[in-house]
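# Close look at the chain arrangement
Each chain, letter by letter, is given below.
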Amino acid sequence: MKLGSATQPDQQARLMCQGILKDMLGDLEISLGMSDLSGLTGLYWNYQHLSLATLYFPAVPLILEATNGALDDVVIVRPVESPLEVACGTGNFTVRPGDVAFISAGQDVQFQLEAGGRLDFAHLPAHALARQRDHLAVLIGRTVSAECLPLQLLCSYAGYLLRHEYQTDMEAQMMIGHFYALIPVLAQNLGKAAPTNRPHLRIDGVKAEIDRRLSDSMLTVGSIAAYEGVTPRAVQKLFHREGTTFSKYLLEQRLALAMAQLLSSPPDARISDIAYGVGFNDLSYFNRTFRRRYGTRPTEVRQFGTSPAA
């Protein structure tokens with residue numbers, strides 16, 4: 001959802017900013033001195049398991065003070081154009097442009113941006129974090145460098161979500177699942193994650209890598225195993241514990257992504273391009289498995305613009 005305009009007055013801009021960030025951070029105060037927020041614009045994406053916002057502030061000194069956030073929620077914040085000073089219960093620190101900070105929402109926090117500019121936020125509600133707590137414990141209260149590859153993937157995926165409104169609950173849940181699957185990969189990349197010998201921790205990382213490489217038509221269990229530093233049999237055993245196989249998971253994710261793209265792409269986008277873009281190299285096989293999965297043809301989804309029940 002696009003927010004605001006270049007002609008938006010100060011008072012309206014403040015109300016918009018407070019309305020968005022209150023849901024993420026709790027009660028919010030905006031301190032600007034003699035500055036104003038005229039022309040504030042941004043993007044906002046919200047679902048019950050995840051909220052995302054990008055706000056483009058005018059080039060003025062800015063202080064945001066938040067209190068009474070939900071105790072077990074987590075907020076991710078990223079300044080893009082100028083350093084962000086953060087003061088919270090876990091200490092004071094500076095976030096460089098492009099870097100990301102993970103913050104517990106259940107504490108008073110102050111953000112200070114000397115020259116305004118773009119700020120990105122993600123709000124992770126407690127009810128969505130049951131399987132992420134061990135990994136988030138590694139990340140809370142620290143910054144992650146923009147050079148970290150899993151962080152780049154996380155930010156890129158958040159950017160995709162902000163630019164594409166979901167059409168169905170199934171599509172939203174699929175996209176959110178991909179976002180959360182990257183968190184254990186990020187924690188493990190920092191080298192301080194909880195041990196990965198627990199099956200549900202390792203499978204999250206495997207799934208995240210598969211999802212990242214869906215468009216690779218040559219993706220195999222062997223290439224995933226090599227990336228993880230294990231044997232193909234070890235990868236298959238992880239999926240077996242979840243009652244499925246590597247091949248079934250890969251096919252399901254490709255079909256789900258194809259469905260999402262059929263629903264959101266322009267009418268003149270070719271179905272064959274969508275199929276090849278999500279990793280299928282045989283159009284007949286794509287059409288056959290799509291119909292078996294969803295009970296309808298890709299052409300019918302394109303024609304009527306609605307998704308069948310999962």
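Residues numbered from 1 in each chain as written. Predicted model: local features only at pLDDT ≥ 70, side-chain atom pairs only at ≥ 80, totals over all residues. Heavy atoms only, no water.

## A short note on the environment of Thr 143
Relative to the helices and strands, Thr 143 resides in strand 12 (residues 143-144). Judged by relative accessible area, Thr 143 falls into the partly exposed class, the value being 32%. Residues Thr 143 and Arg 78, 65 residues apart in the sequence, show an inter-C-alpha distance of 9.4 Å. Dropping the residues within four chain positions of it, Thr 143 is found in contact with Phe 93, Thr 94, Val 95, Val 100 and Ala 101. (Helix = DSSP H or I, 4+ residues; strand = E, 2+ residues; numbered from the N terminus. Buried < 20%, exposed > 50% of the residue type's maximum accessible area, 1.4 Å probe, protein only. Contact = heavy atoms within 4.5 Å.)

## Comments concerning the side chain of Arg 213
For Arg 213, the position within the fold is in the loop between helix 5 (199-212) and helix 6 (221-228). Residue classification places Arg 213 among the buried positions, given a relative accessible area of 17%. Here Glu 209 takes part through its side chain, which lies 3.1 Å from a polar atom of the side chain of Arg 213. Those residues in contact with Arg 213 that lie beyond four places of it in its chain are Leu 219, Ser 223, Ile 224 and Tyr 227. (Polar contact = N/O pair within 3.5 Å; in protein donor to acceptor, adjacent residues only side chain to side chain.)

## Here we look at the layout of surface pockets
With a probe scaled to a water molecule rolled over the atoms, the places where space remains empty come into view. When its volume is computed, the second largest pocket comes out at roughly 430 Å³. Lining of the second largest pocket is provided by 16 residues; of these, Tyr 157, His 178, Asp 211, Arg 212 and Leu 257 occupy positions nearest its centre. At the level of elements, helix 3 (149-163), helix 4 (169-189), helix 5 and helix 8 (246-264) are the ones that each hand at least two residues to the lining of the second largest pocket. In terms of residue count, the dominant contributor to the lining of the second largest pocket is helix 3 (4 residues). Residues of the lining of the second largest pocket, tallied by class, amount to 7 nonpolar, 7 polar and 2 charged. (1 Å grid on protein atoms, 1.4 Å probe; cavity = no way out; pocket = protein on both sides within 12 Å on 5 of 7 lines; lining within 4 Å. Points joined across faces, edges and corners; volume = space filled by probe spheres on them. Nonpolar A, V, L, I, M, F, W, Y, C, P; charged D, E, K, R; others polar.)

## A look at the nonpolar core
Formed by 66 residues in total, the largest nonpolar core has its most connected members in Leu 124, Phe 179 and Ile 210. If near-sequence neighbours (up to four positions away) are discounted, Ile 210 is found in contact with Leu 219, Ile 224, Phe 239, Phe 246, Tyr 249 and Leu 250. (Core = buried A, V, L, I, M, F, W, Y, C linked by side-chain atoms within 4.5 Å.)

## A short note on the pattern of salt bridges
Under the counting rule described, the total for this entry stands at 9 salt bridges. Arg 96 serves as the salt-bridge partner of Asp 99, at 2.8 Å between the closest nitrogen and oxygen. (Salt bridge = Lys/Arg side-chain N within 4 Å of Asp/Glu carboxyl O.)

## Details of empty space enclosed by the protein
Considering all chains together, one arrives at 2 cavities of 30 Å³ or more under this definition. Computed from the structure, the largest cavity encloses a volume of approximately 40 Å³. Contributing to the lining of the largest cavity are Leu 25, Val 75, Ile 103, Ser 104, Ala 105, Gln 107, Val 109 and Phe 111. Elements represented by at least two residues in the lining of the largest cavity include exactly strand 9 (100-104) and strand 10 (109-113). Of the residues contributing to the lining of the largest cavity, the split by class is 6 nonpolar, 2 polar and no charged. Empty space within the second largest cavity amounts to approximately 30 Å³. Taken together, Leu 153, Leu 182, Val 185, Gly 205, Ala 208, Glu 209, Arg 212 and Tyr 227 form the lining of the second largest cavity. Sorting elements by how many residues they give to the lining of the second largest cavity places helix 5 first, with 4 residues. By residue class, the composition of the lining of the second largest cavity is 5 nonpolar, 1 polar and 2 charged.

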